[in-house]
Amino acid sequence: MADPTDISSLTEESLDLLDDTIALRRRLHEWPELGNHLPKTRDEVLAALEGLPLGIKLHETTSGIVASLEGTRPGPTMLLRGDMDALPMPEDTGVEFSSHVENVMHACGHDTHTAMLVGAAKLLSSRKADITGRVLFMFQPGEEGFNGASEMLNEGLLDVGTESPITGAYAIHSASNIPGGFVGLKGGTIMASSDFMLITVKGRGGHGSAPHFTLDPIPVACEIVQALQTLVTRRVDVFDPGVVTVTQIHTGTASNVIPETAMINGTIRAVSERTRSLLHDGIRRVAEGIAAAHGMEVDVDLHIGYDVTVNNEDKASFAADVATAVSGERNVRIMDHPVMGAEDFSYVLNRVPGAMMFLGLMPEGMDIMKAAPNHSNRAIYEETQMRRGIAVYSSLALRHLGVPLS
């Protein structure tokens, strides 16, 4: 029988689960789904969990699943998260298990997250007798812009009773351009907030040959775009950074027609609520001021997205110790800076102390400067390193609930 305190035994068990983990990941990759409603994905996860000593709660507003593993003795509850949804984009990896769904791809590693969490559920179920307390396995839809975490929170994800409070929450995010098996994390802010802007400049249309009879919104929109870049470089503290990126400009219908409106779309990122608020106020001020200077009106619609993801300092240090025990000190790095991407696991960490970490799944032998990153149509993930994720998930649960590992 495996020694519950032996980390090498646990990593061997993770390796034993690898074939099934890869098979599940490939099935999910072949049939990706978008948003909060993932019926095929949910069925695959439930089939993979069948026969384990888990309580299963199916969320009603989404395809979320919460599986609970009750230890043999009462104690606290801890949570492990894996997200399940894909991205609306084509796949051009050429792998034999490429997506069968047109313009839908698992390009952010969520298929690996889900498969690794299932592997951890299997491993921890085999060690049920060693567990004091409870492990919640959160299989979450809708991370890619659909706020699935908040939906699950609103449906009672954390309502576990005062006799067994949730004392820690952890998530692993795969990265296709970080060396395989490498773990990166930090205390404090680890990922940015993510908001969106839609700026509509309202002018007066007319014939392209007579701009003096119009209020041309196009040069005003261009001026706003340029001024937003200056806003970031001259009003935002470089040590508390933010990003404003214009990604779309929509206007016009013909070469000889000055349009009535011009629309600017883009994203807003910040690593603190202070800078986030500063950028929101600044975008409104810049857009309204420039439009007014040219005798025009402007609508500024700021869509509030995900919060800043903030790791609890103590939980991040604990997670780093666990990852070091699993992967070795040379494969764990405390990050110098946050990542400017965003995560709705932020809403869980707003409620429960915990940590998110990154797991490298870059294919062996690939140049880190040339590896396709997450959200690329060519992102490829090294499946054999998923064993590290299983082992880290499982070690976090065991050690958090009081099982010493050596």
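Residues numbered from 1 in each chain as written. Predicted model: local features only at pLDDT ≥ 70, side-chain atom pairs only at ≥ 80, totals over all residues. Heavy atoms only, no water.

Points about the packing of aromatic side chains
For any pair of aromatic rings, geometry is given as the distance between the ring centres together with the angle between the planes. Enumeration over the complete set of coordinates arrives at two aromatic pairs. Each ring, one from Tyr170 and one from Phe318, has its centre 6.0 Å from the other, and the planes form 45 degrees; the classification is tilted. Of the two residues, Tyr170 sits in strand E5 (residues 166–179) while Phe318 sits in helix H8 (residues 313–327), which places them 148 residues apart along the sequence. Judged by relative accessible area, which is 0%, Tyr170 ranks as buried. Ring centres of Tyr306 and Tyr347 lie 6.1 Å apart, and the angle between their planes is 90 degrees; this geometry places the pair in the edge-to-face category. In this pair, Tyr306 sits in strand E13 (residues 297–306) while Tyr347 sits in helix H9 (residues 345–351), placing the two residues 41 residues apart along the sequence. (Phe/Tyr/Trp six-rings, centres within 6.5 Å; stacked < 30°, edge-to-face > 60°. Helix = DSSP H or I, 4+ residues; strand = E, 2+ residues; numbered from the N terminus. Buried < 20%, exposed > 50% of the residue type's maximum accessible area, 1.4 Å probe, protein only.)

So, helix H10 (residues 386–400)
Here H10 is 15 residues long and its end C-alpha atoms lie 21 Å apart, about the 21 Å a rise of 1.5 Å per residue gives. Of all the 15 residues making up H10, 13 are buried; the element is thus mostly covered by neighbouring parts of the structure. (Expected span 1.5 Å × (residues − 1).)

What to know about the sheet that holds E13
Strand order in the open sheet formed by four strands is E10-E12-E8-E13, and the pairing between neighbours is antiparallel. The strands lining the two open edges of the sheet, one partner per strand, are strand E10 (242–251) and E13. On average, each strand axis in the sheet is inclined to that of its neighbour by 20 degrees, with strand direction left out of account. Two strands pair when backbone bridges link them, and E10 and strand E12 (residues 261–270) are joined in this way by nine bridges, in the antiparallel orientation. (Pairing = 2+ DSSP bridges. Axes fitted to C-alpha atoms, helices over the stretch in contact; angles between N-to-C directions.)

Re the side chain of Ser395
With respect to the helices and strands, Ser395 occurs in helix H10. Ignoring any residue separated from it by four or fewer positions in sequence, one finds Ser395 in contact with Ile7, Leu10, Val322, Val326, His400 and Leu405. (Contact = heavy atoms within 4.5 Å.)

Some remarks on the nonpolar core
Leu80, Leu124, Val135, Phe137, Phe139 and Leu185 are the most contacted members of the largest nonpolar core, which has 84 residues in total. Excluding residues that lie within four positions of it along the chain, Val135 makes contacts with Ala67, Ser68, Leu69, Met78, Leu80, Leu124, Ala397 and Leu401. Counting 25 residues, the second largest nonpolar core, distinct from the first, contains Val236, Ile264, Leu279 and Val298. (Core = buried A, V, L, I, M, F, W, Y, C linked by side-chain atoms within 4.5 Å.)

As for the packing of H8 against H10
The interhelical angle for the contact between H8 and H10, taken along N-to-C directions, is 125 degrees, at an axis separation of 9 Å. The angle between H8 and H10 falls in the class oblique. Two packed elements cross with a definite hand, and for H8 against H10 that hand is right-handed. Between H8 and H10, the residues in contact are Lys315, Phe318, Ala319, Asp321, Val322, Ala323, Val326 and Ser327 and Arg388, Ala391, Val392, Ser395, Leu396, Arg399 and His400, respectively. (Parallel < 35°, antiparallel > 145°, perpendicular 65-115°, else oblique. Left-handed = near helix turned anticlockwise from the far one by under 90°.)

Topic: the packing of helix H2 (residues 18–30) against helix H3 (residues 39–49)
Helix packing for two helices is described by the angle between their axes and how far apart those axes are. Contact geometry of H2 with H3 gives a least axis separation of 10 Å together with a crossing angle of 165 degrees. By the angle between their directions, the pair H2 and H3 is classed as roughly antiparallel. H2 and H3 meet at a crossing whose hand is right-handed. Packed against H2, whose contacting residues are Leu24, Arg27 and Leu28, the element H3 presents Thr41, Glu44 and Ala48 at the interface.

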